[in-house]
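Structural overview
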Amino acid sequence: MPDQPPHAPYGPLPGGGKVRPMTRWGTPVMHRPQQRVLAYDDTLRELVADMVATMYAADGVGLAACQIGTDLAVFVFDCPDDSDAHTIGVVCNPELTLPEGKERQLDEADEGCLSFPGAFVECARPDFATVTGTGLDGSPVTFSGNGLLARCLQHETDHTRGTVFGDRLSTKLRKKLQKAHDKAADEYPEGWPA
């Protein structure tokens, strides 16, 4: 957890959730576009609270609903940017905007995924991102950031579209990622992190 209070423009993340097992790559829900959030109710709040609990239990910076097996376009995050300032939030039905033309700079940094745990490889992504969508109550939300936060916003939005970051890698990097994942498999047994 960050030392300074996180930047929470739309309020704190919901608490009281239960930690659920992580859904792995290869499970169908991970590889198809997710259903749009239409109901902003107690069921959604409970799901998001479970997502938050699971993200923290797994030491992640973001988590999409499909990663705990739920087909719904929503993600949560608690992630630092380049200045190490943490931003937290919930985004339903995310829409991603990335810089274009001269504004577009790629950041080649290591990336990993809680649904393919223990493995990291370089993945080039734009170094700035903006995500718009709705919050837990259906009100509009917007989050922007650089560094790891930009990567997180892109990675989690991808999940809501059925894309895992392995889909963005060359065959060579995918093999390297698979090797690292296999090597660490014993540390992440079935049912982890619950």
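Structural notes, computed from the coordinates.

Quick look at the environment of cysteine 152
Examined against the element boundaries, cysteine 152 turns out to sit in helix 2 (residues 147-160). The exposure class assigned to cysteine 152 is buried, which follows from its relative accessible area of 4%. Considering only alpha carbons, one finds cysteine 152 and phenylalanine 120, 32 residues apart in sequence, at a separation of 14 Å. In this structure, cysteine 152 is in contact with Val61, Gly62, Phe77 and Cys79, ignoring residues within four places of it in sequence.

Structural notes on helix 1 (residues 42-57)
An ideal rise of 1.5 Å per residue puts 22 Å on 16 residues; helix 1 measures up with 22 Å between its terminal C-alpha atoms. What helix 1 keeps buried is the set Leu44, Leu47, Val48, Ala49, Asp50, Met51, Val52, Ala53, Thr54 and Met55. Those residues of helix 1 that are buried are in contact with strand 1 (62-64), strand 2 (74-80) and strand 3 (86-97). Of the residues flanking the start of helix 1, the one acting as N-cap is aspartate 41, its side-chain oxygen 3.3 Å from the backbone nitrogen of threonine 43. Downstream of helix 1 by one or two residues, aspartate 59 has phi in the positive range, about 60°.

Focus on unusual backbone geometry
The omega torsion across tryptophan 192 and proline 193 is 0°, close enough to zero to call that bond cis. The topology assignment puts proline 193 in the segment after helix 3 (171-184). The backbone phi angle of aspartate 59 is positive, close to 60°, even though this residue is not glycine. By the element assignment, aspartate 59 lies in the loop between helix 1 and strand 1. Backbone geometry at asparagine 93 places phi at a positive 50°, although glycine is not the residue there. Mapped onto the elements, asparagine 93 comes out in strand 3. Looking at asparagine 93, the relative accessible area reads 8%, which means it is buried.

Thoughts on the sheet that holds strand 7 (residues 140-146)
Judged by pairing direction, the sheet is antiparallel, and its five strands sit side by side in the order 1-2-3-6-7 without closing on themselves. In the strand order of this sheet, the two ends are held by strand 1 and strand 7, each with one partner. Recorded for the sheet is a direction-independent mean angle of 35° between the axes of neighbouring strands. Relative to the sheet, helix 1 contacts strand 1, strand 2 and strand 3, its axis offset from that of strand 2 by approximately 35°. Contacting strand 1, strand 2, strand 3, strand 6 (128-134) and strand 7, helix 2 crosses the sheet at an angle of about 165° to strand 2.

Describing the side chain of arginine 24
Within the secondary structure, arginine 24 sits in the segment before helix 1. Comment: no salt bridge for buried arginine 24; closest opposite-charge side chain is glutamate 190, at 5.6 Å. In terms of polar contacts, arginine 24 uses its side chain to reach the backbone carbonyl oxygen of tyrosine 188, at 3.0 Å. In contact with arginine 24, not counting residues within four places along its chain, are Met30, Ser115, Pro117, His181, Tyr188, Pro189 and Trp192.

Parameters and conventions
Residues numbered from 1 in each chain as written. Predicted model: local features only at pLDDT ≥ 70, side-chain atom pairs only at ≥ 80, totals over all residues. Heavy atoms only, no water. Helix = DSSP H or I, 4+ residues; strand = E, 2+ residues; numbered from the N terminus. Buried < 20%, exposed > 50% of the residue type's maximum accessible area, 1.4 Å probe, protein only. Contact = heavy atoms within 4.5 Å. Expected span 1.5 Å × (residues − 1). Polar contact = N/O pair within 3.5 Å; in protein donor to acceptor, adjacent residues only side chain to side chain. Pairing = 2+ DSSP bridges. Axes fitted to C-alpha atoms, helices over the stretch in contact; angles between N-to-C directions. Lys, Arg positive; Asp, Glu negative; His and termini not counted. Salt bridge = Lys/Arg side-chain N within 4 Å of Asp/Glu carboxyl O.

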